[in-house]
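Each chain, letter by letter, is given below.
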Amino acid sequence: MAETPTRHVHFPGMDTTVLGADEIIINMGPQHPSTHGVLRVKLHLDGEKVIGSECIIGYLHRGVEKIAEHRSYQQFAPYVDRMDYVAAVSNGLGYCEAVEKLLEVEVPPRAKVVRTILTELQRIASHLLWLGTHALDIGALTPIFYCFREREEILKIFEKYCGARLTTHAFRIGGLQYEVYDGFEEDVKRFLADFDRKIDEYEALLTTNRIWVERTKGIGVLSAQDAIALGVTGPVLRASGVKWDIRKAFPYAAYDRYDFEIPVGSHGDTYDRYLVRMEEMRQSRRICLQAIEDIPSGPILGKVGKVMKPAPGEVYHSIEAPKGELGYYIVSDGTTQPYRVRIRPPSFINLQAFDTMVRGHLVADVVAIIGTIDIVLGEVDR
Amino acid sequence: MGTVVEFLKPHLLPLLWAVVIVAVLPLVAGYIVLLERKVMADIQARLGPMRVGPHGLLQPIADALKLLLKEDIIPANADKWIFWIAPLISVTAAMLALSAMPFGPVFQIADLNVGLLFIVAVSSLGIFGIVLGGWSSNSHYALLGALRSAAQVVSYEVAVGLALVSGLLLAGTLSMRKIVEAQAEQGIWFVFLAPVGFFIYLVAGIAELNRAPFDLPEAESELVAGYMTEYSGFRWALYFLGEYTAMLVVGGIGTTLFLGGWLRPFPNVAAFDFLDYLPAVFFLALTGYCFYRTPKQPVPIQKAVLGLFGLLCLSFAAVLGWAATLPAEAAARGGILGAFWFLAKVLLFLYSFMWFRFTFPRYRFDQLMRLGWHFLIPVSLVNVMGVGAALVLHRQAGWPLWQGLVLGTVATLAVAAWLVLVRSRRPVAAPPAGEEV
Amino acid sequence: MADEPTPKQPEQRQPTPEGQPGAHETSAPKPAEKPAAEKPAPPKKDAPAAWPKPLDNEMVRRFRRRFGDAILEAVEDRKQAILVVAVDRLREIAEYAREEEQFDMLTDLTAVDWPKREKRFDLVVNLYSFPRNERLRLKAAVGEQDRPPSLTPVWAAANWLERECFDMFGIRFEGHPDLRRILLPEEWVGHPLRKDYDILQQDTAWVRENLGIESGQ
């Protein structure tokens, strides 16, 4: 690991060919406990202070966009689950809705509501995983087990619904493949009934904990201007004080039916991002509670043919995935296979803000900042 | 020949105790690890080790075997000799510190007249093991861990020392045995006389042990494993042994100085004499539980192990019960019951270490330093002055001791509150020199 | 400029005041009945090849007034606004879109390969305006040897996106601060998202040398 700078080490605007006496370059990852997968970060340190960083990504690159060009529209749908594999339902929703927009088909209301419920549950599950690992990175060993306890309940609902827990492939283009199982409403209601109390439990461990506050307040500050310039979306953007959520800005699925609020932070630091995500879980619960009471009856699949041939043209559709704006830009040439599928991964673009957030902080804050961006390398690398 | 025997005679018992400690300690450390995992599991809403033996009772043995049989890896660029010797320093220092620890009025290897000083001095030598291990690994993570560890121990040693001084002033001696006897004479544990000193000792002690929330030298989410990154197998196990022995040492010092050492609660009150039977009753209850669970174990071998464990508890109960029936002057009575109470109090310390570890997030390095230098050290200084003033007033002016101590404690707490308020008003961490990408 | 009422883009026909920063109320509870029925009103499937349609609104006219011939085409596809622009003025147009038209966020930047065209790549830039809650797509045709201007000085977000574009298509951006591959190894030969790069193709020499295996498939 003790290596001299090579041509791979590259910090924009910084001469790294000569290191000062106090400076070292340290390589975090791709095998490191807190880089959430295979992220590799090269840190230029002065003592323990970070004076530059570079993210090296691509270790999980599978060429998902290339694969899309060689699959039919339906065949590609399961692949998107493998990007953000802790929020597969959201990925599927984004893709299906994009293709539906391209095909200009209308999804029946029942399918829309079920989609909304499952996606919000997925958001809760994704945030729970984030909370557990983020706390673990900062040294709190216990919350992750509480988080997984609740996440398990959600995954059980997914499993009962479509047979898979992680890479669910829950939706089909045009609606749903499966009718909800008997007892779906009861399962969801049972989970939601005491989930509020569970969030209080996590917050009791962290929110007012002096060490937690000291470790997160003022760490990784991202101003609203920086956040917008860097294209950051999702909870990270909202924590910087920009009240923007695609569920409100361009309502999709059935979100326009429900009451919910967009939590925003004011300082753009790690603590605000934490608070924003905690509040988002409560709001997701609120959406689910409204939706589960009133699932319309009717068909679950819209009028889509077995062979999908969208008219030539292109469409961009994005949804508010747990990590930010997940967009699909699909170009059709009139055949059964997409001509080009471009996926706008929220993690990839949010990770770009890492360098801005990390400079001037200590090594210990690096893991806090990686955690707070909430990346999934399957999505960063695709 | 006769003179040699005569010469050796006073050393025989200490020698026996030394052998017992060295032989039993690894096993004890193993079971402390098991205890820690069980406590952790309980806090985290799960079961913990359940596979190896009933309720995981044989897990430490399996772990020890695994570690012994592992391949011994020394990195190619490591400084081999130092790499080799560093874990030994850690273990040796921790074990040496146990030699002056009074596990009871009888069970003590050496009663030095500078016992406390010796223990503190020797146990802080363990830091050499960590620094040298981190340095010789020739790895950045290990080096950072070692540096953090050195800085941390140096800073917190001051706070620990000052906290101990507040207890020492009350005892008036450095001999571990006499400290306990002083508490017996005054009829009160020093924790009630110097609560602030006890609190500071507890916090700084955890920091000195490098345990969460001060476990920065190993901080697995930042530095992988800190100074232990390049260690594996048995060498790694030695570090672990050193760490858990150090926990015993810190717990032992705290018990001796603040919690009355081997004394049972209310040692001078005849009405509480029934407490002498508590150890036996406790182990009897444990025996009963073991036998109750034995038929429910799924595998014959587990039945056998749990049954044997029950018998072991039964024999403990028998010994403790027998000791409690002896006349009060008998050395065996004091020794056996004293060892029970001492270990029980040390376990209390260990439990609190574990409890903190699984509840709190980790401090950042600069915050840890700030806590040490800006809070714990000033507060413990004031505390020492408060206790000292109370003693002077008591001896020179005839004030009741408790009045002076209450005043001193209130003054210390006021200083602490002022420090906290000043600290909370300081600006949050300076924003990074944000540059556009 | 900012206050000038602009015709709503088709994309957001529902009024969505919450989308703007600073708006703090939640969405007004909407009548639950007939939400879906009202929503689409698409030209029913009798006219499948209706897209793309020419687009002409206030914003497009402003762009045209400012840049004249550089705005080659303004169309609408699936109710989404697209401006096809000349690549040599892309940087200027981007700056104008950001400064004057308030498209303050670069949502996405990518390319599409059309090998049969004279200029084989379409550079696609997706913009979003927070104040207007509106999206706009800029497209520019780029030849294989062309060096389109980098948008990194305009939106910092373009940095990695352009690197990815370079990695996948081999488009070299002029003025990019750090144009290197991002997802693939630096020594990799070939640009996988080009249409002439087969799906099973790989840089076998690199794989053999660095991974010690014959094939990464």
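What counts as what
Residues numbered from 1 in each chain as written. Chains lettered and ligands numbered in written order. Predicted model: local features only at pLDDT ≥ 70, side-chain atom pairs only at ≥ 80, totals over all residues. Heavy atoms only, no water. Helix = DSSP H or I, 4+ residues; strand = E, 2+ residues; numbered from the N terminus. Rg over C-alpha atoms; globule rule 2.2 N^0.38 Å. Buried < 20%, exposed > 50% of the residue type's maximum accessible area, 1.4 Å probe, protein only. Areas by Shrake-Rupley, 256 points an atom, 1.4 Å probe, with all protein chains shown as cover. Lys, Arg positive; Asp, Glu negative; His and termini not counted. Charge placed at Lys NZ, Arg CZ, Asp CG, Glu CD. Salt bridge = Lys/Arg side-chain N within 4 Å of Asp/Glu carboxyl O. Contact = heavy atoms within 4.5 Å. Polar contact = N/O pair within 3.5 Å; in protein donor to acceptor, adjacent residues only side chain to side chain. Nonpolar A, V, L, I, M, F, W, Y, C, P; charged D, E, K, R; others polar. Phe/Tyr/Trp six-rings, centres within 6.5 Å; stacked < 30°, edge-to-face > 60°. Lys NZ or Arg CZ within 6 Å of the ring centre and 35° of its normal. Patch = residues over 30% accessible without salt bridge, like charges linked within 9 Å, V, L, I, M, F, W, Y side chains within 5 Å. pLDDT = per-residue confidence, 0-100. Pairing = 2+ DSSP bridges. Axes fitted to C-alpha atoms, helices over the stretch in contact; angles between N-to-C directions.

K.L.:
Explain the overall build of chain A here, please?
P.N.:
For chain A, the count of helices and strands is 16 helices and eight strands. Computed over its C-alpha atoms, the radius of gyration of chain A comes to 21 Å, within 12% of the 21 Å expected for a compact globule of 382 residues. Each principal axis of the C-alpha atoms in chain A carries an extent, and together these give about 70 × 50 × 35 Å. Within chain A, the fraction of its 382 residues that count as buried is 71%. On chain A, roughly 11,000 Å² of surface is accessible, and the fraction owed to carbon and sulfur atoms is 53%. In chain A, which carries 45 positive and 52 negative side-chain charges, the distance between the mean positions of the two groups comes to 4 Å.

K.L.:
Could you clarify how one ought to interpret the pattern of salt bridges in this entry?
P.N.:
Pairing between side chains becomes possible if they bear opposite charge and their charged atoms approach one another. This model, assessed by the stated rule, comprises 61 salt bridges over all chains. Here R117 of chain C makes a salt bridge to D122 of chain C, at a shortest N to O gap of 3.2 Å. One connected set of salt bridges, linked through shared partners, spans E120, R123, R238, D245, R247, E280 and E320 of chain A.

K.L.:
Would you mind going over the interface of chain A and chain C with me for this structure?
P.N.:
It is common to report an interface's size as the accessible area lost on association of the parts. The interface is formed by 65 residues belonging to chain A together with 72 residues belonging to chain C. Inspection of the region where chain A meets chain C yields eight salt bridges. Among the ionic pairs, K195 of chain C bridges to E69 of chain A, the shortest N-O distance being 3.1 Å. The interface formed by chain A and chain C contains 28 residue pairs in polar contact (both at pLDDT 80 or more). For the side of chain A that touches chain C, the element with the highest residue contribution is strand β6 (residues 313–321) of chain A, accounting for five residues. Looking at side-chain class alone, the side of chain A that touches chain C contains 32 nonpolar, ten polar and 23 charged residues.

K.L.:
Would you mind going over the packing of aromatic side chains with me for this structure?
P.N.:
To describe a pair of aromatic rings, you give the distance between the ring centres and the angle between the ring planes. Inspection of the entire model under this criterion finds 43 aromatic pairs over all chains. For the pair W81 of chain B and W84 of chain B, a centre-to-centre distance of 6.2 Å together with 75° between the ring planes defines the contact as edge-to-face. Placement of both W81 of chain B and W84 of chain B in helix α3 (residues 80–98) is noted, with a separation of three residues, approximately one turn of the helix. Residue classification places W81 of chain B among the exposed residues on the basis of a relative accessible area of 68%. Joined through ring pairs, the aromatic side chains of F198, Y201, F258, F349 and F353 of chain B make up one cluster. Here R117 of chain C stacks its cationic end above the ring of W114 of chain C, 4.2 Å away from the centre of that ring.

K.L.:
How should I be thinking about a nonpolar patch on the surface in this particular structure?
P.N.:
All names here are of chain B. A contiguous nonpolar patch, built from L13, L16, V20, V24, L27, V28, I61, L65, L68, L69, V106 and F234 and spanning about 1,000 Å² of accessible area, is present on the exposed surface. At the level of secondary structure, the elements contributing two or more residues to the nonpolar patch comprise α1 (2–43) and α2 (59–69). No other element matches α1, which puts six residues into the nonpolar patch. In this structure, L65 sits in helix α2. Residue class for L65 comes out partly exposed when judged on its relative accessible area of 48%.

K.L.:
Before we go on, may I ask you to explain the side chain of R235 of chain B in this structure?
P.N.:
Its place among the elements puts R235 of chain B in helix α10 (residues 233–258). If sequence neighbours within four positions are ignored, R235 of chain B has contacts with D72, I74, F83, W84 and P87 of chain B.

K.L.:
Sorry if this is basic, but what is going on with the confidence of the model for chain A here?
P.N.:
Regions with low pLDDT carry predicted coordinates that are not meant to be interpreted in detail. Chain-level statistics for chain A give a pLDDT mean of 85 and a share of 94% at 70 or above. Here residues 1–13 of chain A is modelled with pLDDT under 50, and outside its nearest four sequence neighbours on either side it reaches 31 contacts, counting other chains as well.

K.L.:
Looking at this structure, I do not really get the side chain of S99 of chain B. What am I missing?
P.N.:
Tracing the chain through its elements places S99 of chain B in the loop between α3 and α4 (115–136). Within the structure, S99 of chain B has its side chain in polar contact with the backbone oxygen of L96 of chain B (distance 2.5 Å).

K.L.:
Please explain unusual backbone geometry as it appears in this structure.
P.N.:
Peptide bonds are mostly trans, and most non-glycine residues show a negative phi. Residues and elements named next belong to chain A. Phi is positive for A253, which is not a glycine, with a value near 45°. As for its position among the elements, A253 is in the loop between α11 (246–249) and α12 (270–293). With a phi angle near 60°, D374 is a residue other than glycine that sits in the positive phi range. Locating D374 in the fold gives a position in the loop between α15 (363–373) and α16 (377–381). Looking at D374, the relative accessible area reads 6%, which means it is buried.

K.L.:
What is the right way to read the sheet that holds strand β1 (residues 53–54) of chain C from this model?
P.N.:
Two strands in a sheet stick together by hydrogen bonds in their backbones, pointing the same way (parallel) or opposite ways (antiparallel). All names here are of chain C. One open sheet accounts for six strands, arranged β1-β2-β3-β6-β5-β4; its pairing is mixed. Of all strands in the sheet, those bounded by a partner on one side alone are β1 and β4 (105–113). Of the strands in this sheet, β4 and β5 (121–129) are in contact with helix α4 (residues 158–169), which crosses β4 at around 10°.

K.L.:
What's the story with the sheet that holds strand β2 (residues 40–46) of chain A in this structure? I'm lost.
P.N.:
Residue and element names in this part refer to chain A. Ordered by their spatial adjacency, three strands build an open sheet running β1-β2-β3, and the pairing between neighbours is antiparallel. Strands with a single pairing partner mark the edges of an open sheet, and in this sheet they are β1 (23–28) and β3 (49–56). Neighbouring strand axes in the sheet, compared pairwise and without regard to direction, differ in orientation by 20° on average. Direction of pairing for β1 relative to β2: antiparallel, over a ladder of six bridges. Residue I24 lies in a different strand from β2, and its bridge partner there is L45. Where α15 meets the sheet, its contacts fall on β1, β2 and β3, and the angle it forms with β2 comes to roughly 150°.

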